[in-house]
Amino acid sequence: IQWFPGHMAKARNQVQEKLKLVDIVLEIVDARIPISSQNPMLAEIIEHKPKIMILNKADLADPKQTEVWQAYFKQQGYASIAIDAQHKSQLPQINKVVRTVLKDKIQKQYDKGLKLAKVRAICIGIPNVGKSTILNRLVHKNIAKTGDRPGVTKNQQWLKVNEEFEVLDTPGILWPKFEDQTVGTKLALLGSIKDSIYADDDVALFALDYLKTHYAPRLLAAYKLNEADLDQDNPDLMLFLTKKLGFKEDYDQFAQRLILDIRKGRFGRLTFEDVVLATDTVGD
Ligand code: GTP
């Protein structure tokens, strides 16, 4: 998808319209980059709707970091769940969390004598984060991928998750924080935006630096390096690895190889964003 200001305004308006229809928002983010895969606009248009953070693709993320991120979102006041949307066994959790978050609202409806308190939700997220996969899992079938197109809000359909929970048939698609160069680099690294937008060597340099500083033992093991090899600065290390892996002087080929190795899980499950949790004194 190409995002131009006109598209962004249209996407924003469409999501805003859809938000009016729902009780709760399921914000889907990539567990490997929980901040970079958030949408900057959602906070502005969501107003007071409850929101649940869904850290998707958790099967690819560093499980320890995912725990820390969930604690972070809790501090921010949001319930969260970490899932692998490709496995349906994990999805009843979404329903459970939705009901917990909306307990008060549902209780009020019961008190008023309404038999079924139906909760309506929407999945919102940036492209490729797994919105369609989650929708399909939630409703146990394959829904055609329609995405956002003009006029689509006029005939929204509700898909039944269960007797008490419905979800909008089209997800809300918003754009990532493109202004921030590292955000773009991270999205390119994980294959969430077209590779061609960012140069492979920039993406690889970022990745190499991150591996070096956060996952050094895995980097050493995967490419059979000595610890001292990591003393080189990043461009030198890139060149060193280019030669070591047999790409001669072809820096770009190594860059592509590194990116592929990361995506294919050669370094295990990785998270490319750190979070520092607020201490107890914050907010006093
Ligand atoms: P757009 O239509 O571009 O907005 O994408 P989307 O947000 O609907 O994402 P989609 O559901 O199409 O998923 C994108 C890719 O990620 C697909 O190849 C999915 O198979 C994959 N995917 C989705 N969820 C997961 C997950 O939890 N784990 C893994 N490993 N892959 C996932």
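Bear in mind that the values here come from a model prediction, so they are computed numbers and not experimental data. (Residues numbered from 1 in each chain as written. Predicted model: local features only at pLDDT ≥ 70, side-chain atom pairs only at ≥ 80, totals over all residues. Heavy atoms only, no water.)

S.K.: With reference to specific residues and values, describe the pattern of salt bridges.
M.R.: Tallying each qualifying case throughout the model produces nine salt bridges. The salt bridge involving lysine 20 is made with glutamate 17; its shortest N-O contact spans 2.9 Å. Residue classification places lysine 20 among the exposed positions, given a relative accessible area of 60%. For glutamate 17, a relative accessible area of 38% gives the class partly exposed. Residue aspartate 261 is joined to arginine 257 by a salt bridge in which the shortest nitrogen-to-oxygen separation is 2.9 Å. With aspartate 261 and arginine 257 both in helix H11 (residues 251-263) and four residues apart, the pair spans about one turn of that helix. We classify arginine 257 as partly exposed; its relative accessible area is 24%. Connected through shared salt-bridge partners, Arg257, Asp261 and Arg266 make up one network. (Salt bridge = Lys/Arg side-chain N within 4 Å of Asp/Glu carboxyl O. Buried < 20%, exposed > 50% of the residue type's maximum accessible area, 1.4 Å probe, protein only. Helix = DSSP H or I, 4+ residues; strand = E, 2+ residues; numbered from the N terminus.)

S.K.: Give me the lowdown on the packing of aromatic side chains, citing residues and values where you can.
M.R.: The final tally for this structure, using the stated rule, is eight aromatic pairs. Summarising the aromatic geometry, the rings of tyrosine 72 and phenylalanine 73 are spaced 5.3 Å apart at their centres and angled 70 degrees between planes, so their arrangement reads as edge-to-face. Ring centres of tyrosine 210 and phenylalanine 272 lie 5.2 Å apart, and the angle between their planes is 50 degrees; on these two criteria the pair is classed as tilted. Of this pair, tyrosine 210 sits in helix H8 (residues 200-214) while phenylalanine 272 sits in the segment after H11; the two residues are 62 residues apart in sequence, bridging distant segments of the chain. The burial state of tyrosine 210 is the same as that of phenylalanine 272; both residues are buried. Over the ring of tyrosine 78 we find lysine 51, and its NZ or CZ is 4.5 Å from the ring centre. (Phe/Tyr/Trp six-rings, centres within 6.5 Å; stacked < 30°, edge-to-face > 60°. Lys NZ or Arg CZ within 6 Å of the ring centre and 35° of its normal.)

S.K.: Tell me about the nonpolar core, and please be specific about residues and values.
M.R.: Of all hydrophobic cores here, the largest spans 61 residues; its most connected members are Leu26, Ile94 and Leu258. Per-element accounting of this core gives the leading share, seven residues, to H8. Formed jointly, this core draws a minimum of three residues from each of two domains, domain 1 (5-173) and domain 2 (199-263). If you look at the next biggest cluster of nonpolar residues, it comprises 14 residues, including Leu19, Val25, Met41 and Leu42. (Core = buried A, V, L, I, M, F, W, Y, C linked by side-chain atoms within 4.5 Å. Domains from an automatic or database assignment.)

S.K.: Mind laying out the pairing of strand E3 (residues 79-82), listing which residues take part and the relevant values?
M.R.: Note that strand E2 (residues 51-56) and E3 share four bridges and pair parallel. In the sheet register, isoleucine 52 faces E3, and the bridge partner there is alanine 79. In this region the chain leaves E2, passes through helix H3 (residues 63-75) and returns to the parallel neighbour E3; the handedness of that crossover is right-handed. (Pairing = 2+ DSSP bridges. Right-handed = clockwise from strand over helix to strand, strands pointing away.)

S.K.: Describe unusual backbone geometry, naming the residues involved and giving the relevant values.
M.R.: Although it is not a glycine, glutamate 47 adopts a positive phi angle of roughly 50 degrees. By the element assignment, glutamate 47 lies in the loop between helix H2 (42-45) and E2. Even without being a glycine, asparagine 128 presents a positive backbone phi close to 70 degrees. In this fold, asparagine 128 is placed in the loop between strand E4 (119-125) and helix H6 (131-139).

S.K.: Describe H3, listing the residues and the values that go with them.
M.R.: Given a rise of 1.5 Å per residue, 13 residues ought to cover 18 Å, and the 19 Å separating the end C-alpha atoms of H3 matches this to within 8%. Of the positions making up H3, those classed as buried are Thr66, Trp69, Tyr72 and Phe73. Looking straight down H3, one finds its buried side chains confined to an arc of 115 degrees; they lie on one side. Opposite the buried face of H3, by more than 90 degrees, sit the exposed residues Lys64, Glu67 and Lys74. Buried-residue contacts for H3 involve E2 and E3. Backbone nitrogen of lysine 64 and a side-chain oxygen of the N-cap are separated by 3.1 Å at the start of H3; the cap is aspartate 62. (Expected span 1.5 Å × (residues − 1). Arc of directions from axis to C-beta. Contact = heavy atoms within 4.5 Å. Polar contact = N/O pair within 3.5 Å; in protein donor to acceptor, adjacent residues only side chain to side chain.)

S.K.: Please give an account of the packing of H8 against H11 that cites residues and values.
M.R.: Two elements in contact, H8 and H11, have axes separated by 9 Å at closest approach and are oriented at 55 degrees. With respect to their mutual orientation, H8 and H11 come out oblique. When the axes of H8 and H11 are compared, the crossing they make is left-handed. From H8, Asp200, Asp201, Val203, Ala204, Leu205, Ala207, Leu208 and Leu211 reach across to H11, where they touch Tyr251, Asp252, Ala255, Gln256, Leu258, Ile259 and Ile262. Here the contact of H8 with H11 is composed, by residue class, of eleven nonpolar, one polar and three charged. (Axes fitted to C-alpha atoms, helices over the stretch in contact; angles between N-to-C directions. Parallel < 35°, antiparallel > 145°, perpendicular 65-115°, else oblique. Left-handed = near helix turned anticlockwise from the far one by under 90°. Nonpolar A, V, L, I, M, F, W, Y, C, P; charged D, E, K, R; others polar.)

S.K.: Just give me the short version of the environment of tyrosine 78, but keep the residues and values in it.
M.R.: Mapping tyrosine 78 onto the fold places it in the loop between H3 and E3. Spatially, the C-alpha atoms of tyrosine 78 and isoleucine 52 are 5.9 Å apart, while their sequence positions differ by 26 residues.

S.K.: I'd like to hear about the side chain of asparagine 234, residue by residue, with values.
M.R.: Within the element layout of this structure, asparagine 234 appears in helix H10 (residues 234-244). Within the structure, the side chain of asparagine 234 is placed 3.0 Å from the side chain of aspartate 209, a separation counted as a polar contact. In terms of polar contacts, asparagine 234 uses its side chain to reach the side chain of lysine 212, at 2.9 Å. Residues within four places of asparagine 234 in sequence aside, it is in contact with Leu205, Leu208, Asp209 and Lys212.

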